[in-house]
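Notes for the structure review
Below are the chains, spelled out letter by letter.
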Amino acid sequence: MGRFCMMNPRESGRSINQKLLGSNQKARVQMKPNANGTVNISCAFINQQYSAWLEVESGFGIEAFWVDAKTRDYISFRQPLGNGEIQLEMGQLTEEQQKGLGEDLEKVPDMTQLHDSAPTIWKAKTVWSLIFFLPPEGAEALKKVLMVSESQALDSLRKQFLRELMQTQSRLESKEVESQKTLKALLEEGKGLIRDLDSDSFQTRRLADAKLRDLGLVVILLAGETDWSALSPEAERRLTFIVQESNVISNVEDALQLDVQSWLNSPRIWGAALKFGSIQQKKVAWEVLKKNFPDLFEKKLKSVELDLEANPDENQEKIQRIYEMVQEEQ
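1. Some remarks on the overall build of the protein
Helix and strand content of the protein: 14 helices and 7 strands. Residues counted as buried form 45% of the 330 residues belonging to the protein. When contacts within the protein are restricted to residue pairs at least 6 apart in sequence, long-range pairs at least 24 apart make up 57% of them. Accessible surface computed for the protein: about 17900 Å², of which carbon and sulfur atoms make up 49%.

2. Section: the packing of helix α11 (residues 267-276) against helix α12 (residues 279-292)
Where α11 contacts α12, the two axes come as close as 8 Å, and the packing angle between them is 150°. Between α11 and α12, the crossing angle belongs to the class labelled roughly antiparallel. Considering the relative orientation of α11 and α12, their crossing is left-handed. Residues P267, W270, G271, A273, L274, K275 and F276 of α11 form the contact with α12, whose participating residues are K282, V284, A285, W286, V288 and L289.

3. A word on the side chain of Q281
Within the secondary structure layout, Q281 lies in helix α12. You can call Q281 buried: its relative accessible area is 13%. The contact partners of Q281, leaving out residues within four places of it in the chain, are K159, L162, R163 and M166.

4. What about the side chain of T226?
Looking at where T226 falls in the secondary structure, it is placed in the loop between α8 (218-225) and α9 (233-249). Apart from the residues lying within four places of it in its own chain, the contact partners of T226 are I194, L231 and L239.

5. Looking at the confidence of the model for the protein
Mean pLDDT over the protein: 80, with 83% of residues reaching 70 or higher. Every residue in residues 9-20 scores below 50 in pLDDT, and together they form 8 contacts with partners more than four places removed in sequence or on other chains.

6. Quick word on helix α7 (residues 202-214)
In this model, α7 (13 residues) spans 19 Å end to end at C-alpha, consistent with the 18 Å of a helix rising 1.5 Å per residue. Taken residue by residue, α7 has R205, A208, D209 and L212 as its buried positions. Viewed along the axis of α7, the buried residues span an arc of 105°, placing them on a single side of the element. Here α7 starts with a cap whose side-chain oxygen sits 3.3 Å from the backbone nitrogen of Q203, and that cap is S201. Immediately downstream of α7, the backbone of G216 shows phi near 65°, a positive value.

7. Some points on unusual backbone geometry
A positive phi angle, close to 70°, is found at R72, a residue other than glycine. Within the element layout of this structure, R72 appears in the loop between β4 (61-68) and β5 (73-79). At E305, a position not held by glycine, the phi torsion is positive, near 55°. Looking at the element boundaries, E305 is found in the loop between α13 (294-299) and α14 (312-329).

8. Some details on the pairing of β4
When you tally the buried positions in β4, you get 6 out of 8 residues, the bulk of the element. Pairing between strand β3 (residues 50-57) and β4: 8 bridges, direction antiparallel. From the neighbouring strand, E57 faces β4, where its bridge partner is G61. Here β4 folds back onto β5, and the loop between the two strands holds 4 residues, one of which, R72, carries a positive phi near 70°.

9. A closer look at the environment of L264
Of note, L264 is situated in the loop between α10 (252-263) and α11. Separated by 95 residues in sequence, L264 and Q169 place their C-alpha atoms 7.3 Å apart. Residues contacting L264, with those up to four places away along its chain left out, are L165, T168, Q169, L172, W270 and F293.

10. Considering the packing of aromatic side chains
Counted under the stated rule, the structure contains 12 aromatic pairs. Residues F65 and Y74 carry aromatic rings whose centres are separated by 5.8 Å and whose planes lie at 25° to one another, so their mutual orientation is stacked. The same class applies to F65 as to Y74, namely buried. Positioned above the aromatic ring of F276, the side-chain terminus of R158 is 4.0 Å from the ring centre. A cation over a ring is seen here: R268 above F133, with NZ or CZ 3.9 Å from the ring centre.

11. Here's the deal with the nonpolar core
Counting residues in each nonpolar core, the largest one holds 57 residues, and the members touching the most others are F77, F161 and W270. If you tally residues by element for this core, the top one is helix α3 (residues 127-133), at 6 residues. Ignoring anything within four residues of it in the chain, the contact list for F77 reads F4, I62, E63, A64, I86, Q87, L88, L130, L142, V145 and L146. Of all hydrophobic cores here, the second largest spans 24 residues; its members include L217, V219, I220 and L222.

Conventions adopted
Residues numbered from 1 in each chain as written. Predicted model: local features only at pLDDT ≥ 70, side-chain atom pairs only at ≥ 80, totals over all residues. Heavy atoms only, no water. Helix = DSSP H or I, 4+ residues; strand = E, 2+ residues; numbered from the N terminus. Buried < 20%, exposed > 50% of the residue type's maximum accessible area, 1.4 Å probe, protein only. Contact = heavy atoms within 4.5 Å. Areas by Shrake-Rupley, 256 points an atom, 1.4 Å probe, with all protein chains shown as cover. Axes fitted to C-alpha atoms, helices over the stretch in contact; angles between N-to-C directions. Parallel < 35°, antiparallel > 145°, perpendicular 65-115°, else oblique. Left-handed = near helix turned anticlockwise from the far one by under 90°. pLDDT = per-residue confidence, 0-100. Expected span 1.5 Å × (residues − 1). Arc of directions from axis to C-beta. Polar contact = N/O pair within 3.5 Å; in protein donor to acceptor, adjacent residues only side chain to side chain. Pairing = 2+ DSSP bridges. Phe/Tyr/Trp six-rings, centres within 6.5 Å; stacked < 30°, edge-to-face > 60°. Lys NZ or Arg CZ within 6 Å of the ring centre and 35° of its normal. Core = buried A, V, L, I, M, F, W, Y, C linked by side-chain atoms within 4.5 Å.

Set out below in structure tokens:
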């Protein structure tokens, strides 16, 4: 979705250990409940090849760090609470920094101090931006630092998104979902309802509670952008119960549909569909770029003379050029 959200399965600690631990690996997994019933999670893994730390705060705040034991190459990932920019960083630790990490699993390193003098940094507002617009080395770093064990995981998510994109575009053209609210509109509505949870009127608070429940998984997105410390005890209690209920009864596909809608009018996402999609998706993406973004197409893209029926190798170079042109327009 718009932010990474780490969720703990019911069979938590034991299954995590079984899946991730090697015979020579030290590990610590801690879960600390908050007053509002949500949980902060921290993990640390150390072996002969690498060390890794992952800190997850309720409200979708994530900080992760991974370092190669031999080369001292590191990867750092930060997703702040709220809607601040997500940052992915690659660099190399000094010998002193490497020694300072030690092997104490109870000591999470101060990641703000672990920086190369000239690191490579990528920033993005949303997870989708990372998935579609990172260069290959950035995508590999993202998988590594977030411990994505299945190499196809991000590719699978990308393909699912593109399928939904094509289907939603088709329904919009046939006017089937013309009246459906966009994700942006639902988030704005939800923010107002969260403010109403602090109303002096009991009736207003109760109505806001009911309407937030009707928003389904949008509430999960709102929870990640809400300053929980600013909520009154009653508003915090109500929102906690609403989030827990949404977790249980909502369909993740609903949220994916909303994210797809929020990207439909972006030429960048259609450029990504042209690069990452199947041959049929490439054809649809090219037609959408022609039809929906005529100024961009006439000024820049048309000159590439892309023919999707031509030689695949030749097309690959042209598609990459189009992809880069579209990114410059954002």
